[in-house]
Amino acid sequence: MSEALLASEAGTGAQAPAPTSGARQFWRRLRAQRAALVAAAVVALLVLVALAAPLLTAIEGQDPSTYHPDLIDSGRGGVPIGPFGGISAEHWLGVEPQTGRDLFARLVYGARVSLGVALAATLVQVLLGVGIGIAAGLGNRLVDQVLSRATDVIVAMPLMVLSLALMAIVPSGFPRPVLVALVIGLVAWGSTAKIVRAQTITLKELDYVAAARLSGWSTWRIARRELLPGLAAPVITYAALLVPLNITVEAALSFLGVGVKPPTASWGQMLTSADIWYQAAPQYLLLPAGALFVTVLALTVLGDGVRTALDPRAASRLRIGTGEKREGKA
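Throughout, a residue's number is its position along its own chain's written sequence, starting from 1. Predicted model: local features are reported for residues with pLDDT of at least 70 only, side-chain atom pairs are reported and counted for 80 or more only, and whole-chain, interface and lining totals are derived from all residues. Think of the side-chain values as coming from all heavy atoms in the structure, minus any hydrogens and water.

J.: Before we move on, could you go through helix α6 (residues 141–156) and cite the residues and values that matter?
T.: The terminal C-alpha atoms of α6 lie 22 Å apart, and with 16 residues this matches the ideal 22 Å at 1.5 Å per residue to within 8%. Three exposure classes are used, based on accessible area relative to the maximum for each residue type with a 1.4 Å probe and protein chains only: buried under 20%, partly exposed in between, and exposed over 50%. Secondary structure elements are defined from DSSP: runs of H or I of at least 4 residues count as helices, runs of E of at least 2 residues count as strands, and each element is numbered from the N terminus. Among all positions of α6, only Asp144, Ser148, Thr151 and Ile154 are buried. All buried residues of α6 lie within an arc of 120° about the axis, which places them on one face of the element. In this structure, α6 carries Leu142 and Ala156 as exposed residues pointing more than 90 degrees from its buried face. Any two residues whose heavy atoms approach within 4.5 Å are treated as being in contact. As for α6, its buried residues are in contact with α5 (103–138), α8 (176–187) and α9 (190–203). As used in this structure description, the phrase polar contact means that two N or O atoms lie within 3.5 Å; if the pair is within protein, one of them must be able to donate a hydrogen and the other to accept it, and residues adjacent in sequence are counted only when both atoms belong to side chains. At the N-terminal boundary of α6, the capping side chain belongs to Asn140, with an oxygen 3.2 Å from the backbone nitrogen of Leu142. Helix span, as expected, comes to 1.5 Å for every residue beyond the first. Here the arc refers to the directions that run from the helix axis out to each C-beta atom.

Structure (structure tokens):
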């Protein structure tokens, strides 16, 4: 509630009851959803593996870029020597066809790139979307019209086509993971801006925002002190659902050959060269594909759980832990 509105009510002598902690209610509702907790544990494990990639590969004694030509059968077109794609005590998940690079090392380092690109792209989308959405919602009619039409153009643009065009014109020397994150963020902020604009228009009609205006607060102060707290729930919810989407976009761009380039490992880039080895070395295709599937599924379920915990009145789209019994406990 606005400080201005609180000040006006202080003179009446009425003492408002202490509000219940929103964070405490959120965690209680989230804990009531078992599927969301399992998804959170999976996501935490994936992030831990990505952060600990240098340590894990050091324990294995391998790295993601060293070639092992002695571990592939050149007479058979580069198929790994040994059972199950060359799995051994030195190579826990086998080796890559044709190059002999360690698959475990490339998989865990690929997690760093895929998750890092998705999180960075989501951050760019949220920052641009929130800034433009608030400016459109609080601005005059001309500002709103200009920003809304620009947002409509961005939303209407095909994400993959625009990303491919931007990736093609950037010099090859630019760090590819950073470029992928920037491109995804810069061409996909429109939906976030539309959500924030709609919420801003609703919030600015409330009493505590009107009280802040009557108190002479500037537009920036109203946005920072009054609107941003009210926008936190929808923005966090939408951001949680953007992360798995951005992971798949990064994988698609790398699969098309314009994303992360070798020798940098990413799950999408691994899939690019794995499509011809699914019979001779199936683990080369199944490992990155399985990692992508588990990550996207876990993030999607977690995002839905966060949405339900922030807005308990909304029915879960995945029906995860939102029965009447659990809602009564929340």
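J.: An account of the environment of Leu203 is needed here, citing residue identities and associated values.
T.: Within the secondary structure, Leu203 sits in helix α9. Residue classification places Leu203 among the buried residues on the basis of a relative accessible area of 10%. Considering only alpha carbons, one finds Leu203 and Leu231, 28 residues apart in sequence, at a separation of 8.7 Å. For Leu203, the residues in contact, after removing those within four places along its chain, are Tyr208, Val209, Leu227, Gly230 and Leu231.

J.: Pulling in residues and values, what's your account of the pattern of salt bridges?
T.: Put simply, a salt bridge is a Lys or Arg side-chain nitrogen that is within 4 Å of an Asp or Glu carboxyl oxygen. Counted according to the given criterion, the structure contains 5 salt bridges. With a closest N to O distance of 2.7 Å, Glu96 and Arg101 form a salt bridge. An identical accessibility class is assigned to Glu96 and Arg101; each is buried. Residues Arg149 and Asp152 are paired through a salt bridge, measuring 2.9 Å at the closest nitrogen-oxygen approach. Here Arg149 and its partner Asp152 are both found in helix α6, 3 residues apart, which amounts to about one turn of the helix. Assessed through its relative accessible area of 43%, Arg149 is described here as partly exposed. Taken together, the salt bridges that share partners define one network made up of Glu96, Arg101 and Arg106.

J.: Provide a residue-level description of the nonpolar core, including the pertinent values.
T.: We define the nonpolar core as a collection of buried residues of types Ala, Val, Leu, Ile, Met, Phe, Trp, Tyr and Cys that are connected through side-chain atoms lying within 4.5 Å of one another. Within the largest apolar cluster, 32 residues are counted, with the highest numbers of intra-cluster contacts made by Ile247, Trp267, Tyr284 and Leu292. At the level of secondary structure, the elements contributing two or more residues to this core comprise α2 (22–31), α3 (34–51), α5, α11 (219–255), α12 (267–272) and α13 (282–310). Dropping the residues within four chain positions of it, Tyr284 is found in contact with Glu96, Pro97, Leu103, Met270, Ser273, Ala274 and Trp277. Grouped together as the second largest cluster of nonpolar side chains are 16 residues, Ile134, Ala212, Leu231 and Val235 included.

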